[in-house]
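Close look at the chain arrangement
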Amino acid sequence: MKRIFTTANKLFVFSLLERFLVEEIKGKENIPQKGNFIVASNHLDTMDSWLIGLVFKNRAESLCFVARRDKNLKQIWRIFIDFFAQPIVFERGRTSRKEILKEVIRRAKRGQIIVFYPEGDVNKKRILLKGKNGVAEVAKKTSLPVLPLGIRKTKEMKRKIIIGKPLYSDSQEDVNGFFRKIMLEISKLSGKAYPYD
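Residues numbered from 1 in each chain as written. Predicted model: local features only at pLDDT ≥ 70, side-chain atom pairs only at ≥ 80, totals over all residues. Heavy atoms only, no water.

**Thoughts on the overall build of the chain**
For the record, the criterion: A helix here means a DSSP run of H or I that spans at least four residues, while a strand means a run of E at least two residues long, and both kinds are numbered starting from the N terminus. Within these notes, the globule rule equals 2.2 Å times the number of residues to the 0.38 power, and the radius of gyration is based on C-alpha atoms. By definition, residues are in contact when any of their heavy atoms lie within 4.5 Å. With residues, only the protein chains shown are counted as cover, and all accessible areas are computed by Shrake-Rupley using a 1.4 Å probe.
What the chain contains, in helices and strands, is six helices and seven strands. Reading the secondary structure of the chain in the N-to-C direction produces α-β-β-α-β-α-β-α-β-α-β-β-α. Over its C-alpha atoms the chain spans a radius of gyration of 16 Å, differing by no more than 12% from the 16 Å that the globule rule assigns to 197 residues. Based on the C-alpha atoms only, the size of the chain along its principal axes is roughly 45 × 35 × 35 Å. Considering only residue pairs separated by 6 or more positions, the chain has 72% of its internal contacts joining residues 24 or more positions apart. Carbon and sulfur atoms make up 53% of the accessible area of the chain, which amounts to about 11,200 Å² in all.

This is the structure:
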């Protein structure tokens, strides 16, 4: 993200989130202090990206979100987000998977912290959606650890964010095996079942 954008968030947005929306951030000690990594989180709603920005506010300039283009997003807001947040944007059915992964790997090799929502869509249900394994493929190709993250809504409609321990891919483990490990960890942290093989 651009510096001016992260500075504005630190001064205004993050402080408001901490005061009015976030009940607790647990597991900060699990965040790697050196080098970049990949974040994999469940996806409750559109506030999630701001919440993840808050969690990693000291390194917010390095954050890079992999985001599906929302057709309902107004054009002026798209331009604003694309310019200041600099996400990796794809349109389902129009952007090839190979093209997306190539750009994600390029950004990861530049030292950015890549943020994935493996479910692919906002999900308000009590179980996780069946995920897409791009996060595991990128992790294996870059040898970066995956930091699992769970976002929960409390009874007061606030958010509780739980950060798990970094996951490292075993060289003997295939992409799908590592991906299942990631999703099961997100399941535990988010409190949502992942009932898929």
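**Overview of the sheet that holds strand E2 (residues 38–41)**
The cut-off we apply is this: Strand pairing is defined by DSSP finding a minimum of two bridges between the two strands. The axes are straight lines fitted to the C-alpha atoms, using for helices just the contacting stretch, and the angles between their N-to-C directions are given from 0 to 180°.
Strands sit in the order E1-E7-E6-E2-E5-E3-E4 across an open sheet of seven strands; the sheet is mixed. Single-partner strands in this sheet number two, and they are strand E1 (22–26) and strand E4 (88–90). Pairs of neighbouring strands in the sheet enclose a mean axial angle of 20°, with direction left out of account. With three bridges connecting them, strand E3 (residues 63–68) and strand E5 (residues 113–116) associate as parallel partners. Its bridge partner lying in E5, Cys64 is registered against Ile114. In this fold helix H6 (residues 175–190) packs onto E2, strand E6 (146–153) and strand E7 (159–163), with an angle of close to 30° to the strand it touches most, E6.

**Here's the deal with the pairing of E5**
Which entries qualify depends on this criterion: Accessibility here uses a 1.4 Å probe with only protein chains present; expressed as a share of the type maximum, an area under 20% marks a residue as buried, one over 50% as exposed, and anything in between as partly exposed.
In E5, alternate side chains face the same way, and those of Ile113 and Val115 on one face and Ile114 and Phe116 on the other are all buried. Relative to E5, E2 is paired through three bridges, and the arrangement is parallel. Looking across to E5, one finds that Val39 is bridged to Val115.

**A word on helix H5 (residues 134–142)**
Because each turn of an α-helix spans 3.6 residues, side chains separated by three or four positions in sequence point in the same direction. Among the nine residues that make up H5, seven are buried, leaving the element largely enclosed by the rest of the structure. Buried within H5 are the following residues: Gly134, Val135, Ala136, Glu137, Val138, Ala139 and Thr142. Buried residues belonging to H5 abut E2, helix H4 (97–109), E5, E6 and H6. Downstream of H5 by one or two residues, Ser143 has phi in the positive range, about 60°.

**Details of H6**
What counts is decided by this rule: In this analysis, the expected span of each helix is defined as 1.5 Å times one less than the number of residues it contains.
Along its 16 residues, H6 runs 22 Å from first to last C-alpha, staying within 8% of the 22 Å computed at 1.5 Å per residue. Where H6 is concerned, the buried positions are Phe178, Phe179, Ile182, Met183, Glu185, Ile186, Ser187, Leu189 and Ser190. Where H6 is buried, its residues touch E2, H5, E6 and E7. Just past H6, the residue Gly191 takes up positive phi, approximately 75°.

**Thoughts on the packing of helix H1 (residues 3–20) against helix H2 (residues 48–55)**
Short version of the rule: Angles are sorted into four bins: roughly parallel if under 35 degrees, roughly antiparallel if over 145, roughly perpendicular if 65 to 115, and oblique for all others.
Direction vectors running N to C along H1 and H2 enclose 100°, while the axes themselves pass 10 Å from each other. Classified by the angle between their axes, H1 and H2 sit roughly perpendicular to one another. On H2, the residues touching Phe5, Asn9, Val13, Phe14, Leu17 and Glu18 of H1 are Trp50, Leu51, Gly53 and Leu54.

**Looking at the packing of H5 against H6**
The cut-off we apply is this: Rotating anticlockwise by less than a right angle from the far helix to the near helix defines a left-handed crossing, while the corresponding clockwise rotation defines a right-handed one. Under the grouping applied here, Gly and all other residues not named as nonpolar or charged are polar, the nonpolar ones being Ala, Val, Leu, Ile, Met, Phe, Trp, Tyr, Cys and Pro and the charged ones Asp, Glu, Lys and Arg.
Running from amino to carboxyl end, H5 crosses H6 at an angle of 115°, the nearest separation of the two axes being 8 Å. The element H5 and its partner H6 pack so that their crossing is right-handed. Mapping the contact onto sequence places Val135, Ala136, Glu137, Ala139 and Lys140 in H5 and Val175, Phe178, Phe179 and Ile182 in H6. Grouping the amino acids of the contact of H5 with H6 by side-chain chemistry returns seven nonpolar, no polar and two charged.

**Some details on the pattern of salt bridges**
Should their charged atoms come close, side chains of opposite charge can pair. Our working rule: Salt bridges are identified by distance alone: a Lys or Arg side-chain nitrogen within 4 Å of an Asp or Glu carboxyl oxygen.
Inspection of every chain in the model, using the stated rule, returns ten salt bridges. For the salt bridge of Glu103 with Arg107, the shortest nitrogen-to-oxygen distance reads 2.9 Å. Taken as a pair, Glu103 and Arg107 lie in helix H4 at a separation of four residues, close to a single helical turn. The exposure class of Glu103 is partly exposed, given its relative accessible area of 23%. One salt bridge connects Glu185 with Lys188, and the closest N-O pair in it is separated by 3.3 Å. A residue pair is termed a helical-turn pair when its members lie 3 or 4 positions apart in one helix, as Glu185 and Lys188 do in helix H6 at three residues. Assessed through its relative accessible area of 18%, Glu185 is described here as buried.

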